[in-house]
Amino acid sequence: MVRNPAAQTAFGPMLLAAVEQHEPPERRLVDDDLAEPFLPARMRWLAGATRWSLPRRLLIAASQRTGPGLWANLACRKRFIGDKLDEALEAGIDAVVILGAGLDTRAYQVTRRARIPVFEVDLPVNIARKAATVRRVLGSMPLSVRLVALDFERDDLLTALAEHGYRTDFRAFFICEGVTQYLSEDAVRRTLAGLRAAASGSRLVFTYVRRDFIDGANLYDSPTLYRSVRQRRQLWHFGLQPEEVQEFLAPYGWRLAEQAGAEQLLQRYIEPTGRDLTASDLEWSVYAEKE
């Protein structure tokens, strides 16, 4: 199997979630009891070491040197998505579709609360890794979770989902967290075109990085990150500007309902904890509804 550099980025967000479990409940940004068990052994050891305050602070500080504010952004985007998913589950949605699922545990959290199908979509290497991880941690794959191997740059999303039991009359909740920047614009648009057939009342949450970062016009105090993802490895390709999001979504039948950047994330999630964290305006979270 060909190694895909983007596939290797699945570990970072789950390490963050695992480390956050060692914060006191009133200071914790993410609640995820499966995060640490889902990590590979070497990362479980690292996450376990952060049960002590000093190693935890050092790890967070190290992440800040790569991209100031990105620890808070990654944690808060998970909270933002979780809040919107909670609302959708309470409203009685029919299915959850996680695009670029990586090692995310959200599907297995959903199975504790609702008997609805959950589709996890990702590159074949990540799907194979996810299947092995779930068997190791949970013993077997929950019947309601379907793993869908797909290359967003080449494959048709709707066809792949349909082959695993997805129906276009589902009022679905689509999650695309930390994915769009790794795709070409054609792949992002093709993904949205596949979601055009989603039933009215479906909901979509996705994140994006700002296009002026991709273009190198504004580095958002993150030159180390820019060198890594744009100059050395060319991992990130796609970006948007906040004022463009509604126009970008409209042709695919989605209405922008809410966006959250650094200011909103700080007020909603960071300030109530009293933690001394900053957020970056580099990445934004979007919530949209199907018309």
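Scoring rules and cut-offs
Residues numbered from 1 in each chain as written. Predicted model: local features only at pLDDT ≥ 70, side-chain atom pairs only at ≥ 80, totals over all residues. Heavy atoms only, no water. UniProt positions renumbered as here; feature names shortened; annotations may be inferred. Helix = DSSP H or I, 4+ residues; strand = E, 2+ residues; numbered from the N terminus. Contact = heavy atoms within 4.5 Å. Areas by Shrake-Rupley, 256 points an atom, 1.4 Å probe, with all protein chains shown as cover. Phe/Tyr/Trp six-rings, centres within 6.5 Å; stacked < 30°, edge-to-face > 60°. Buried < 20%, exposed > 50% of the residue type's maximum accessible area, 1.4 Å probe, protein only. Lys NZ or Arg CZ within 6 Å of the ring centre and 35° of its normal. Axes fitted to C-alpha atoms, helices over the stretch in contact; angles between N-to-C directions. Left-handed = near helix turned anticlockwise from the far one by under 90°. Nonpolar A, V, L, I, M, F, W, Y, C, P; charged D, E, K, R; others polar. Salt bridge = Lys/Arg side-chain N within 4 Å of Asp/Glu carboxyl O. Pairing = 2+ DSSP bridges. Right-handed = clockwise from strand over helix to strand, strands pointing away. Parallel < 35°, antiparallel > 145°, perpendicular 65-115°, else oblique.

Looking at an unreviewed UniProt entry, one finds the protein named S-adenosyl-L-methionine-dependent methyltransferase and attributed to Mycobacterium talmoniae. Turning to the protein, the UniProt record has this under Sequence similarities (unreviewed entry): "Belongs to the UPF0677 family."

Section: the overall build of the protein
From N to C terminus, the protein includes 13 helices and seven strands. When the backbone C-alpha atoms are referred to their principal axes, the protein occupies close to 50 × 45 × 40 Å. Looking at the protein alone, contacts between residues at least 24 apart form 75% of all its contacts between residues at least 6 apart. When the accessible surface of the protein is split by element, carbon and sulfur atoms take 51% of a total near 12900 Å².

What about the packing of aromatic side chains?
On inspection of all chains with the given rule, the structure shows ten aromatic pairs. Seen in terms of ring centroids, Phe206 and Tyr208 are 6.3 Å apart; in terms of plane orientation they differ by 40°. Their pairing is tilted. Note on accessibility: Phe206 and Tyr208 belong to one class, buried. Each residue in the set Phe119, Tyr166, Phe170, Phe174 and Trp254 is aromatic and connected to the rest through ring pairs, giving one cluster. Lying over the aromatic face of Phe11, Arg42 brings its terminal NZ or CZ to 5.8 Å of the ring centre. Directly above the ring of Trp52 sits Arg51, whose terminal nitrogen or CZ lies 5.4 Å from the centroid.

Some points on the packing of helix H1 (residues 11-20) against helix H3 (residues 41-49)
Put simply, H1 and H3 touch, their axes get as near as 9 Å, and they point 35° apart. Crossing geometry of H1 relative to H3 is assigned as right-handed. Residue-level contacts link Phe11, Leu15, Ala18 and Val19 of H1 to Met43, Leu46 and Ala47 of H3. Residue composition of the contact of H1 with H3, by class: seven nonpolar, no polar and no charged.

With respect to the pattern of salt bridges
Taken as a whole and judged by the stated rule, the model has 26 salt bridges. Notably, a salt bridge pairs Arg112 with Asp33, separated by 3.1 Å at the nearest N-O pair. Separated by 79 residues along the polypeptide, Arg112 in the loop between helix H6 (106-110) and strand S2 (118-122) and Asp33 in the loop between H1 and helix H2 (35-38) bring together distant segments of the chain. Exposure remark for Asp33: the relative accessible area of 48% places this residue in the partly exposed category. Within the structure, one salt-bridge network assembled from shared partners comprises Glu20, Glu23, Arg27, Arg56, Arg57 and Arg275.

Here we look at the pairing of strand S4 (residues 172-176)
Of all five residues making up S4, five are buried, and the element is well covered by its neighbours. Across the two faces of S4 the burial is the same, with Ala172, Phe174 and Cys176 and Phe173 and Ile175 all buried. As paired strands, S4 and strand S5 (residues 203-209) are joined by four bridges and run parallel to one another. Each bridged residue has a counterpart across the sheet, and for Phe174 the counterpart in S5 is Leu204. Between the parallel elements S4 and S5, the chain passes through helix H9 (residues 185-195) in a crossover that is right-handed.

Concerning the packing of H1 against helix H5 (residues 70-91)
As a packed pair, H1 and H5 sit with axes 10 Å apart at the nearest point and diverge in direction by 85°. In this view, H1 runs roughly perpendicular relative to H5, as classed from their interaxial angle. For the pair H1 and H5, contact is made by Pro13, Met14, Leu16, Val19 and Glu20 and by Trp71, Leu74, Ala75, Arg77 and Lys78, respectively.

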